[in-house]
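Reading the structure
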Amino acid sequence: MSKNGLNFYKSVQQNFAKAAPHTKLSAGLLTQIKACNSVYFVQFPVKIDDEVRVIDAFRVQHSHHRLPTKGGIRYSSQVNQEEVMALAALMTYKCAIVDVPFGGAKGGVKISPRKYTTAQLERITRRYTTELVKRNFIGPGIDVPAPDYGTGAREMAWIYDTYQVLQSGEIDAAACVTGKPVGQNGIRGREEATGRGVYYAIRELLNDVSMMKKIGLDVGTDGKTMAIQGLGNVGYHTGRIAQMEGGFKITSVAEFEGAIFSEQGIDIEQLVMHRKETGSILDFPGTSNMRDRTQTLEVACDVLVPAALENQITLENVDRVKAKVIAEAANGPVTSDAIEVLLKKNVIILPDMYANAGGVTVSYFEWLKNLSHMRFGRMEKRFDQKTYLSLVNLVEEKTGSVISDKDKEILARGADEIDLVRSGLEETMVTAYHEIRDWMNVGNDISDLRTAAFVGAIRKVANDYEDRGLFP
Ligand code: NAD
């Protein structure tokens, strides 16, 4: 049993236990909501060079209260059953918070992707998918994976293709997995979705006058400082969008190889180019290298974004954390005991189950697109454009004013898929933030966002059980 995974699982359970009394639900129902419904462990052989290697892999479906279940697949040498169970449980609560009609699930393959060639990773991915198909653990109405740590659009395309080959003739096959490349029935905006959602969550919090008053921070995002741990999919897009759209100054970034700091701010796009060219974030012009990669977590900043893995802020280093806000872009980056220390220190934490829910939100849009077999915006874009243009022309005619061609183009634009995806994502993250704040305000002694988010999520799952009953 892995200590890291066990601690993570315990943290999720402890956070649940803290919220449970506020829900006023019966002990039996709470136990049912907390339980992992199905755990599948498989060991399969893959030919690597001339030898056979046995790979450990998992798929956990935490809750069947809504189907399909949904959750990413992680490739990491640290993968273990407790970790996948913790991640699957978080998915259930995450989906409930953002009103995505799925149960929670998660997959894990215990490999370090860096140690395999592309062809070997493809073989592993296809064999893992085959195991899921054999056990009925994947399908548009059963369980729909997505990317997570160590996987991306490439792996999702392999999963889709394998599923389609094995389930010949299934017309909705593309909806068996999300996060696919756009050309392979993916959706525009999925790749940036988690990071963009993290940014919207941070923006909502920083615009919340009473929350900012609590920690003595000016309202708004412009000029605020940010430190980021992990420059992968989530960390990169969070940083890029926070910088471009929110006017954030990114003062520190950590990656596997080390950490860098700059009082003046780090250009995230340039940093990613530098890493591509040199293989490292270190020695990026205008920054200084820090002692080691953990230093970023201890930088004095307005917003700290841990976007790598779980259990990064623990009782061991929590006293050295100086951020005013922590946005949990990763799942479980702060252990439950460290959370209590931070809350006493008046640090606001945007909890993972809300902060990184943008990924599953846009995955939901992709799933809907796959089931409808049509790109969002295809039917209405031109119609809207013509209607808006007639309106603009009418205003021009009735008022006698002249509207420039450039302004006309802006005013009379019909929405593309990317516009609709971003709009749907923003609406989801903003609505969920205010819903969580409402749970804090209902007068039942909830003082932190995580407990409020848990209370809201548990109540929503409970509603399904209460309204529909149990069978048989
Ligand atoms: P990723 O593999 O794209 O990126 C993670 C990055 O973190 C990698 O570049 C890795 O080198 C770096 N890293 C690992 N350990 C580190 C350390 N100790 N210090 C500094 N950097 C370190 O993974 P991702 O998809 O961005 O996922 C990151 C986290 O976000 C995970 O916890 C994942 O569960 C969560 N998440 C991801 C998504 C998604 O859509 N990809 C959605 C929700 C939540």
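Basis of the calculations
- Residues numbered from 1 in each chain as written.
- Predicted model: local features only at pLDDT ≥ 70, side-chain atom pairs only at ≥ 80, totals over all residues.
- Heavy atoms only, no water.
- Helix = DSSP H or I, 4+ residues; strand = E, 2+ residues; numbered from the N terminus.
- Rg over C-alpha atoms; globule rule 2.2 N^0.38 Å.
- Buried < 20%, exposed > 50% of the residue type's maximum accessible area, 1.4 Å probe, protein only.
- Contact = heavy atoms within 4.5 Å.
- Lys, Arg positive; Asp, Glu negative; His and termini not counted.
- Charge placed at Lys NZ, Arg CZ, Asp CG, Glu CD.
- Pairing = 2+ DSSP bridges.
- Axes fitted to C-alpha atoms, helices over the stretch in contact; angles between N-to-C directions.
- Core = buried A, V, L, I, M, F, W, Y, C linked by side-chain atoms within 4.5 Å.
- Domains from an automatic or database assignment.
- Buried area = accessible area lost by both parts, 1.4 Å probe.
- Salt bridge = Lys/Arg side-chain N within 4 Å of Asp/Glu carboxyl O.
- Patch = residues over 30% accessible without salt bridge, like charges linked within 9 Å, V, L, I, M, F, W, Y side chains within 5 Å.
- Areas by Shrake-Rupley, 256 points an atom, 1.4 Å probe, with all protein chains shown as cover.
- Near = heavy atom within 4 Å.
- Polar contact = N/O pair within 3.5 Å; in protein donor to acceptor, adjacent residues only side chain to side chain.
- Phe/Tyr/Trp six-rings, centres within 6.5 Å; stacked < 30°, edge-to-face > 60°.
- Lys NZ or Arg CZ within 6 Å of the ring centre and 35° of its normal.
- Expected span 1.5 Å × (residues − 1).
- 1 Å grid on protein atoms, 1.4 Å probe; cavity = no way out; pocket = protein on both sides within 12 Å on 5 of 7 lines; lining within 4 Å.
- Points joined across faces, edges and corners; volume = space filled by probe spheres on them.

The number of helices and strands found in the chain is 16 helices and 12 strands. At 23 Å, the chain has a C-alpha radius of gyration in line with the 23 Å of a compact globule built from 472 residues. Along the longest, intermediate and shortest principal axes, the C-alpha atoms of the chain span 75 × 55 × 55 Å. The buried share of the chain, taken over its 472 residues, is 56%. When contacts within the chain are restricted to residue pairs at least 6 apart in sequence, long-range pairs at least 24 apart make up 69% of them. In the chain, the 57 positive side-chain charges and the 59 negative ones have mean positions that sit 3 Å from each other.

This next bit is on the sheet that holds strand β11 (residues 325–327). Taken in spatial order, the 7 strands of this open sheet run β9-β8-β7-β6-β10-β11-β12, and their pairing is mixed. Every other strand in the sheet has two partners, leaving β9 (288–289) and β12 (348–350) as the edge strands with one partner each. The pairing of strand β6 (residues 225–229) with strand β7 (residues 249–255) spans 5 bridges and is parallel. Residue pairing for β7: Q229 is matched across the bridge by A254. Running over the sheet, helix α8 (residues 233–246) touches β6, β7 and β10 (303–306) and is turned about 165° from β6.

Ranked by internal contacts, the top residues of the largest apolar core, which has 96 residues, are I33, I202, L205 and L350. The greatest single-element share of this core, amounting to 12 residues, is contributed by helix α3 (residues 81–97). In terms of domain composition, this core takes at least three residues from each of domain 1 (3–186) and domain 2 (192–355). Look past the residues within four positions of L205 in its chain and what remains in contact with it is M211, M212, V325, I348, L350, Y433 and L449. Core analysis: the second largest hydrophobic core is formed by 28 residues, I111, Y116, L132 and F137 among them.

Attention now moves to the domain arrangement of the chain. Taken as a whole, the chain is organised into domain 1 (3–186) and domain 2 (192–355). Between the C-alpha centres of domain 1 and domain 2 there is a distance of 26 Å. Facing 18 residues of domain 1, the contacting portion of domain 2 comprises 15 residues. Across the domain 1/domain 2 interface, buried area totals approximately 1400 Å², and carbon plus sulfur atoms make up 52% of it. Taken together, the connections running from domain 1 to domain 2 amount to 2 salt bridges.

Here we come to unusual backbone geometry. With an omega dihedral of 5°, the bond running from L67 to P68 counts as a cis peptide bond. Following the sequence through the fold, P68 ends up in the loop between β2 (51–61) and β3 (69–75). Residue P472 follows F471 across a cis peptide bond; omega there is 0°. Among the secondary structure elements, P472 is positioned in the segment after α16 (449–468). In this structure, N185 is a non-glycine residue whose phi angle is positive, near 65°.

Quick look at the pairing of β2 now. Alignment of strand β1 (residues 38–48) against β2, held across 11 bridges, turns out to be antiparallel. Opposite Y40, over in β2, you have R59 as the bridge partner. Between β1 and β2, which pair antiparallel one after the other, the connecting turn spans 2 residues, and D49 there sits at a positive phi close to 55°.

With that out of the way, let us pick up a nonpolar patch on the surface. A cluster of nonpolar side chains, contributed by Y388, L391 and L394, occupies part of the molecular surface with about 270 Å² of accessible area. Position of L394 relative to the elements: it lies in helix α13 (residues 381–399). Overall, the relative accessible area of 43% leaves L394 in the partly exposed class.

This part is about the site of the ligand. Surrounding the ligand, one finds 23 residues, the nearest of these being R74, D148, T194, E255 and N331. Here an oxygen atom of the ligand and a side-chain polar atom of D148 are 2.7 Å apart. Here G150 contributes a backbone N or O atom positioned 3.0 Å from an oxygen atom of the ligand. With the chains in place, 90% of the 830 Å² that the ligand exposes on its own is no longer accessible.

What follows is about the side chain of K106. Residue position: K106 is located in strand β4 (residues 103–109). In terms of polar contacts, K106 uses its side chain to reach the side chain of D148, at 3.2 Å. If near-sequence neighbours (up to four positions away) are discounted, K106 is found in contact with F58, R59, V60, G71, G72, V84, L87, A88, M91, D148 and N331.

Another point: the packing of aromatic side chains. Inspection of every chain in the model, using the stated rule, returns 11 aromatic pairs. Taking the centre distance of 6.1 Å and the plane angle of 40° together, the rings of Y364 and F365 count as tilted. For the pair formed by Y364 and F365, the shared burial category is buried. Of the aromatic side chains, those joined through ring pairs into one cluster are F102, Y364, F365 and W367. Looking at R114, its charged tip hangs above the ring of F256, at a distance of 4.4 Å from the centre.

The next thing to look at is α3. The end-to-end C-alpha separation of α3 is 25 Å, in line with the 24 Å expected for 17 residues at 1.5 Å each. Counting buried positions along α3 gives 16 out of 17 residues, so the element sits mostly inside the fold. Remark: D99 follows α3 within two positions and exhibits a positive phi of approximately 55°.

The next thing to look at is the layout of surface pockets. Volume-wise, the second largest pocket comes out at about 200 Å³. Lining the second largest pocket we find 14 residues, and of these L343, V347, I348, S447 and D448 sit closest to its centre. Where the lining of the second largest pocket is concerned, the elements lending two or more residues are α7 (209–215), α10 (336–344), β12 and α16. When residues in the lining of the second largest pocket are grouped by element, the largest group, 3 residues, is from α7.

A side chain with one charge can pair with a side chain of the opposite charge if their charged atoms come near. Overall, the coordinates contain 40 salt bridges when judged by the stated rule. A salt bridge links E245 to R196; its shortest N-O distance comes to 2.8 Å. Residue E245 is found in helix α8, and its partner R196 is found in helix α6 (residues 190–206); the two are separated by 49 residues along the sequence. For E245, a relative accessible area of 40% gives the class partly exposed. With a closest N to O distance of 2.9 Å, R203 and E426 form a salt bridge.

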